[in-house]
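# Examination of the molecular architecture
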Amino acid sequence: MTKWTLLLAIAPVLAACTTADRNAPAKGVTPAPMVNLPRYMGDWHVIANIPYFAEKNCFGSIERYKLLPDGRIDTVFLAKKGGLDGKPFEARSVAHVTNPKNNAEWQIRFLGGLVRIPLTILYVSPDYQSAAVATPDRKLAWIFSRERTISPADYAKAVEVLKTNGIPTEKLALVPQ
């Protein structure tokens, strides 16, 4: 399956994940007070998530962010399907910050902007080694770590932040690394 075929196949589902007002500030979730974008860029291992269909059966998942000269963010999702030795999977998109006052509210654009998904960075550890991210509608969430593992304290903090924001943390699934 080509990347374009995959993107066309997932477009209706991604569109269903969007909110009615795509440029509205996050409602019901509290963004991190301030995200240092250059420091946030790089690889984040997906430790746990409330997965959407493309993330199911993914192993060794990584979100890779790169700040572009125009301020947009190149995003690449990398994973192996079916196991750590499985077939490589990659999904690309572009994001932009929708609230420059905190840099924690983003909009991810797929298919040249036809499909847009709002994301909110809820928490970044002071050392930028772990993070919690969710969609404002609380349907999707992720716990990130710079390493393949996360300390129990950092994981507990990320879960606490998600729970405080009304995210159904009982739906979190650990992602084998």
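This one's a predicted model, so the numbers in the text were calculated from it and none came from an experiment. (Residues numbered from 1 in each chain as written. Predicted model: local features only at pLDDT ≥ 70, side-chain atom pairs only at ≥ 80, totals over all residues. Heavy atoms only, no water.)

### Digging into the overall build of the chain
Helix and strand counts for the chain come out as three helices and nine strands. The helix and strand sequence of the chain, counted from the amino end, reads α-α-β-β-β-β-β-β-β-β-α-β. Split into buried and exposed, the 177 residues of the chain put 51% on the buried side. Carbon and sulfur atoms make up 58% of the accessible area of the chain, which totals about 8,900 Å². (Helix = DSSP H or I, 4+ residues; strand = E, 2+ residues; numbered from the N terminus. Buried < 20%, exposed > 50% of the residue type's maximum accessible area, 1.4 Å probe, protein only. Areas by Shrake-Rupley, 256 points an atom, 1.4 Å probe, with all protein chains shown as cover.)

### Quick look at the side chain of Gln107
Following the sequence through the fold, Gln107 ends up in strand S5 (residues 105–110). A polar side-chain atom of Gln107 sits 3.2 Å from a polar atom in the side chain of Arg109. (Polar contact = N/O pair within 3.5 Å; in protein donor to acceptor, adjacent residues only side chain to side chain.)

### Some thoughts on unusual backbone geometry
Residues other than glycine seldom take positive phi values, yet Tyr128 does so here, at roughly 55 degrees. Note on placement: Tyr128 falls in the loop between strand S6 (115–124) and strand S7 (130–134). The phi dihedral of Arg138 falls on the positive side, at around 70 degrees, and the residue is not glycine. Within the element layout of this structure, Arg138 appears in the loop between S7 and strand S8 (141–145).

### Structural notes on the pattern of salt bridges
A complete count under the given rule lists four salt bridges for this structure. Here Asp74 and Arg92 are joined by a salt bridge, their closest N and O atoms 3.7 Å apart. Taken as a pair, Asp74 in strand S3 (residues 73–81) and Arg92 in strand S4 (residues 87–97) lie far apart in primary sequence, 18 residues in all. Across the pair Glu90 and Arg92 runs a salt bridge whose closest N-O atoms are separated by 2.9 Å. Overall, the relative accessible area of 45% leaves Arg92 in the partly exposed class. (Salt bridge = Lys/Arg side-chain N within 4 Å of Asp/Glu carboxyl O.)

### A short note on the nonpolar core
The biggest cluster of nonpolar side chains holds 35 residues, and the ones touching the most others in it are Val35, Tyr40, Tyr65, Ile73, Trp106, Ile121 and Phe144. The biggest single contributor to this core is S6, with five residues. Residues Ala48, Tyr123, Leu162 and Leu172 belong to the second largest nonpolar core, which totals 17 residues. (Core = buried A, V, L, I, M, F, W, Y, C linked by side-chain atoms within 4.5 Å.)

### Quick look at helix H3 (residues 152–164)
Helix length check: H3, at 13 residues, gives a terminal C-alpha distance of 18 Å against a target of 18 Å (1.5 Å per residue), a fit within 8%. Looking only at H3, the buried set comprises Ala158, Val159, Val161 and Leu162. Projected down its long axis, H3 shows its buried positions confined to an angular sector of 160 degrees, all on one face. Across H3 from its buried face, at more than 90 degrees, point the exposed residues Pro152, Ala153, Lys163 and Thr164. On the buried face of H3, the contacting elements are S6, S7 and S8. Of the residues trailing H3, Gly166 is marked for its positive phi of about 80 degrees. (Expected span 1.5 Å × (residues − 1). Arc of directions from axis to C-beta. Contact = heavy atoms within 4.5 Å.)

### Comments concerning the confidence of the model for the chain
Of all residues in the chain, 85% have pLDDT values of 70 or greater, and the mean over the chain is 88. Segment residues 3–26: pLDDT under 50, and 30 contacts once partners within four positions in sequence are set aside and those in other chains are kept. (pLDDT = per-residue confidence, 0-100.)

### Points about the pairing of S5
A large share of S5 lies buried, amounting to five of its six residues. In this sheet, S5 lies alongside S4 in antiparallel orientation, the contact comprising four bridges. Within S5, the residue paired with His96 across the bridge is Gln107. Turn length for the S5-S6 hairpin, with the two strands adjacent in sequence and antiparallel, is four residues, and the turn residue Leu111 shows positive phi of about 55 degrees. (Pairing = 2+ DSSP bridges.)

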